[in-house]
Amino acid sequence: MDRFQWWEDITQPGETEIAEQVGVKLYDGNKKTLYESGVLTLSSHKLRWKDDINPNTDMVLHLSHIVLIEKESATWTKSAKIIAHLSAILEEDKKPGPVKYSPFNYVKFSFRSGGDKEFFSLLTEALARKAWEDLSANYPKGKQYRAGIVGIERQIRDKNEATGETISEAFEDLKALMKMAKEMVNLSKMVSQKLKEKQSDITEDETIQFKSYLLSLGISDPVTKEEFGSGSAFHTELAKQLSVALMKPLQEAGGILSLTEVYCRVNRARGVELISPEDLLNACLMLDKLKLPIQLHQFDSGVMVLRLESYDTASEALKAVDILSEKGSLTADELSIISKATVVIAKERLLYLEKEGIVCRDDSIEGLRFYPNRFISE
């Protein structure tokens, strides 16, 4: 506490009061002092402690002496504290204070009446600004908060208001983006129509190039609820669009895709016009009714997939038998890498072979591994 000096009613240029907290006790290092309860005031340049009972006990610690602050959490028997680590260098012309010499290079402020979290935050900001280093600068006043419950409530309220304004601005930007996206979709429809009308004047290469530009922008013509409503008409049209959009991905994936993968692919292709998992499932349920070339199938494990009408579960699963014979044993991960199918699909193929009695499982701490059923092969 030998860095403290007695208070003088002198305000430095640009100095402003930031916070005030009652019921603060002073410690010299870990040593208790006679300064049991006082008002701790934080300004842009210093900390001031004034005794509640004896107004003549009034001292100040300049923030320039503080090199680091820490928090000490409260317990059932002890109050929360702020520890201020002080510079080891003493000023030669230091003015008189309550202590001439101290073996400690830190002091503690014990917050018996709360307010420690708010005060710690404001003190951290003041130390970071170092307003005392620029005597010509005016410390930005902003909003000052009295420490304690009232100060915390006011700061929370102001933060909520600021957050609300930020969210409103973000939604305004989002609305503008969605409006622009719809305008781009309309533009793509108009240009596509002109391409059809003037097909003879435009070469096939130019048409392909133009379509690639549109795809690179993420522009599509998605089925929306605004156009078809939210009932079965929307799900019917969505099912038709899924049948067209997923034909090539299904062929590339061997004729089958998990519903999770379908959901990700569809929403990535639709851009801003996203659909919910429920809408996707309802649309997939319409595929069989509409007799489309894509079908919804559910395995015994509950996993749901979309597959081509021509997809043969048995023949695809039997392809794994040759791989299994070559490798000796397989996990779903290993089969997934070799067959270039998802782990979910690979596991379903192995489970199908197990159901048919072609393979056996070994379920251990290392995971689920499948082996050829030698009772049949030998």
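Here's a quick rundown of the structure. Quick caveat: nothing in here was measured; it's all calculated off a predicted structure.

**A word on the overall build of the protein chain**
When its secondary structure is counted, the protein chain shows twelve helices and 14 strands. Expressed as a percentage of its 378 residues, the buried residues of the protein chain come to 37%. When contacts within the protein chain are restricted to residue pairs at least 6 apart in sequence, long-range pairs at least 24 apart make up 58% of them. Of the roughly 23300 Å² that the protein chain leaves accessible, carbon and sulfur atoms contribute 54%.

**What to know about the packing of aromatic side chains**
Here the structure, examined in full by the defined rule, presents three aromatic pairs. Ring centres of Phe 104 and Tyr 106 lie 6.0 Å apart, and the angle between their planes is 70 degrees; this geometry places the pair in the edge-to-face category. Here Phe 111 and Phe 119 contribute two aromatic rings whose centre-to-centre distance is 5.5 Å and whose plane-to-plane angle is 55 degrees, an arrangement assigned as tilted. Judged on exposure class, the residue Phe 111 and its partner Phe 119 are both buried. One cation-aromatic arrangement involves Arg 48 over Trp 7; the distance from NZ or CZ to the ring centre is 3.9 Å.

**A word on the sheet that holds strand S11 (residues 294-298)**
The strand order across the open sheet built from three strands is S10-S12-S11, with neighbouring strands paired in antiparallel fashion. The sheet is open, and its two edges are formed by strand S10 (256-258) and S11, each paired on a single side. Ignoring which end each strand starts from, the neighbouring axes of this sheet average 25 degrees apart. The pairing of S11 with strand S12 (residues 304-308) spans five bridges and is antiparallel. Opposite Gln 298, over in S12, you have Met 304 as the bridge partner.

**A look at helix H11 (residues 343-355)**
With 13 residues, H11 extends 18 Å from end C-alpha to end C-alpha; this agrees with the ideal 18 Å at 1.5 Å per step. Along H11, the residues that are buried comprise Ile 345, Ala 346, Glu 348, Arg 349, Leu 350, Leu 351 and Leu 353. Structurally, H11 contributes buried residues whose contacts are with S10, S12, helix H9 (313-327), helix H10 (332-339), strand S13 (359-364) and strand S14 (367-372). Phi for Gly 357, located one or two positions after H11, is positive at around 80 degrees.

**Re the packing of helix H5 (residues 232-245) against helix H8 (residues 277-289)**
Each packed pair of helices is defined by two parameters, the angle between the axes and the distance between the axes. Following both chains from N to C, one finds H5 and H8 inclined at 75 degrees, their axes separated by 8 Å at the closest point. Considering their axes alone, H5 and H8 lie roughly perpendicular with respect to each other. When H5 is examined against H8, the residues Phe 234, His 235, Thr 236, Leu 238, Ala 239 and Leu 242 are found in contact with a partner set consisting of Asp 279, Leu 280, Asn 282, Ala 283, Cys 284, Met 286 and Leu 287. By residue class, the composition of the contact of H5 with H8 is nine nonpolar, three polar and one charged.

**Let's talk about the pairing of strand S4 (residues 38-43)**
Both faces of the sheet carry side chains from a regular strand, because those side chains alternate between them. Along S4, five of the six residues are buried, which leaves the element largely enclosed by surrounding structure. Sheet topology note: the strand S2 (residues 17-28)/S4 ladder contains five bridges and is antiparallel. Across the sheet, the residue bridging to Ala 19 is Leu 42, located in S4. Pairing of S4 with strand S5 (residues 46-51) involves five bridges; the strand directions are antiparallel. The residue bridging Leu 40 from the neighbouring strand is Trp 49, located in S5. Following S4, the chain reverses through two residues before pairing antiparallel with S5.

Conventions and cut-offs
Residues numbered from 1 in each chain as written. Predicted model: local features only at pLDDT ≥ 70, side-chain atom pairs only at ≥ 80, totals over all residues. Heavy atoms only, no water. Helix = DSSP H or I, 4+ residues; strand = E, 2+ residues; numbered from the N terminus. Buried < 20%, exposed > 50% of the residue type's maximum accessible area, 1.4 Å probe, protein only. Contact = heavy atoms within 4.5 Å. Areas by Shrake-Rupley, 256 points an atom, 1.4 Å probe, with all protein chains shown as cover. Phe/Tyr/Trp six-rings, centres within 6.5 Å; stacked < 30°, edge-to-face > 60°. Lys NZ or Arg CZ within 6 Å of the ring centre and 35° of its normal. Pairing = 2+ DSSP bridges. Axes fitted to C-alpha atoms, helices over the stretch in contact; angles between N-to-C directions. Expected span 1.5 Å × (residues − 1). Parallel < 35°, antiparallel > 145°, perpendicular 65-115°, else oblique. Nonpolar A, V, L, I, M, F, W, Y, C, P; charged D, E, K, R; others polar.

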